[in-house]
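# Close look at the chain arrangement
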Amino acid sequence: DVTFEADGATATVRLEKGYAEKSEYLLHRLNEEEPLWRVQIWQQPADSSTTYYLGYTTITPNAE
């Protein structure tokens with residue numbers, strides 16, 4: 001389930017997704033080579049039906 005809010009150059013995205021099986025989660029925990037999550041960004045102006053690919057970035061861990 002994805003919910004997002006955008007304002008200018010800032011966007012907040014709430015995404016809830018789990019692992020389909022317990023074995024997938026265990027593999028994720030053991031795999032130290034797994035890349036960080038990647039976010040791909042598209043833009044669709046309100047007055048257009050054309051969507052533009054803007055690029056991607058990775059989500060960095062927040063060590064609080």
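One numbering rule holds for all chains: residues counted from 1, following each sequence as written. The model is predicted, so local features are restricted to residues of pLDDT at least 70 and side-chain atom pairs to those at 80 or more, both for listing and for counting; the totals for chains, interfaces and linings are taken over all residues. Excluding hydrogens and water, the side-chain values take into account all heavy atoms of the structure.

All right, on to the overall build of the protein chain then. A run of H or I in DSSP becomes a helix once it reaches four residues, and a run of E becomes a strand once it reaches two; helices and strands are each numbered from the N terminus. The secondary structure content of the protein chain amounts to 1 helix and 4 strands. Starting at the N terminus and walking to the C terminus, you meet the elements of the protein chain as β-β-α-β-β. Per-residue burial for the protein chain yields a buried fraction of 2% across its 64 residues. Residue contacts follow a heavy-atom distance rule, with two residues in contact if any of their heavy atoms lie within 4.5 Å. For the protein chain, restricting intrachain contacts to residue pairs at least 6 apart in sequence, the fraction spanning at least 24 positions comes to 4%. Per element, the accessible surface of the protein chain, about 6,500 Å² overall, is 51% carbon and sulfur. Burial classes: relative accessible area under 20% of the type maximum marks a residue as buried, over 50% as exposed, and values in between as partly exposed (1.4 Å probe, protein chains only). All accessibility values rest on the Shrake-Rupley procedure with a 1.4 Å probe; residue burial counts only the protein chains present in the view.

What follows concerns a nonpolar patch on the surface. Each patch groups residues whose relative accessible area exceeds 30% and which form no salt bridge, using 9 Å between like charges and 5 Å between nonpolar side chains of Val, Leu, Ile, Met, Phe, Trp and Tyr. The working definition used for a salt bridge is a side-chain nitrogen of Lys or Arg within 4 Å of a carboxyl oxygen of Asp or Glu. A contiguous nonpolar surface patch, about 570 Å² in accessible area, is contributed by W37, V39, I41, Y52, L54 and I59. Secondary structure elements with two or more residues in the nonpolar patch: β3 (38-43) and β4 (52-58). Structurally, I59 is set in the segment after β4.

The subject of this paragraph is the layout of surface pockets. As a volume, the largest pocket reaches approximately 800 Å³. In this structure, the largest pocket is lined by 20 residues; those nearest its centre are A11, V13, V39, Q40 and I41. Of all the secondary-structure elements, those providing two or more residues to the lining of the largest pocket are β1 (2-7), β2 (10-15), β3 and β4. Per-element accounting of the lining of the largest pocket gives the leading share, 6 residues, to β3. The residue makeup of the lining of the largest pocket, split by class, is 13 nonpolar, 5 polar and 2 charged. Note on definitions: the grid is 1 Å and covers protein atoms alone; a cavity is a set of points where a 1.4 Å probe fits but cannot get out; a pocket is an open set with protein on both sides within 12 Å along at least five of seven lines; lining residues have an atom within 4 Å of a point. Grid points are joined across faces, edges and corners, and a volume is the space filled by probe spheres set on the points. Here the term charged refers only to Asp, Glu, Lys and Arg, the term nonpolar to Ala, Val, Leu, Ile, Met, Phe, Trp, Tyr, Cys and Pro, and the term polar to all other amino acids, Gly among them.

Below, the discussion takes up the environment of R38. Its location among the elements puts R38 in strand β3. Its relative accessible area of 49% is what places R38 among the partly exposed residues. As a C-alpha pair, R38 and Y56 span 18 residues in sequence and 6.8 Å in three-dimensional space. Apart from the residues within four sequence positions on either side, R38 is in contact with Y56, T57 and T58.

Our focus in this paragraph is the environment of P45. Note on placement: P45 falls in the loop between β3 and β4. Not counting residues within four places of it along the chain, the set of residues in contact with P45 comprises T50 and Y52.

The values reported here are purely geometric and, on their own, carry no functional implication.
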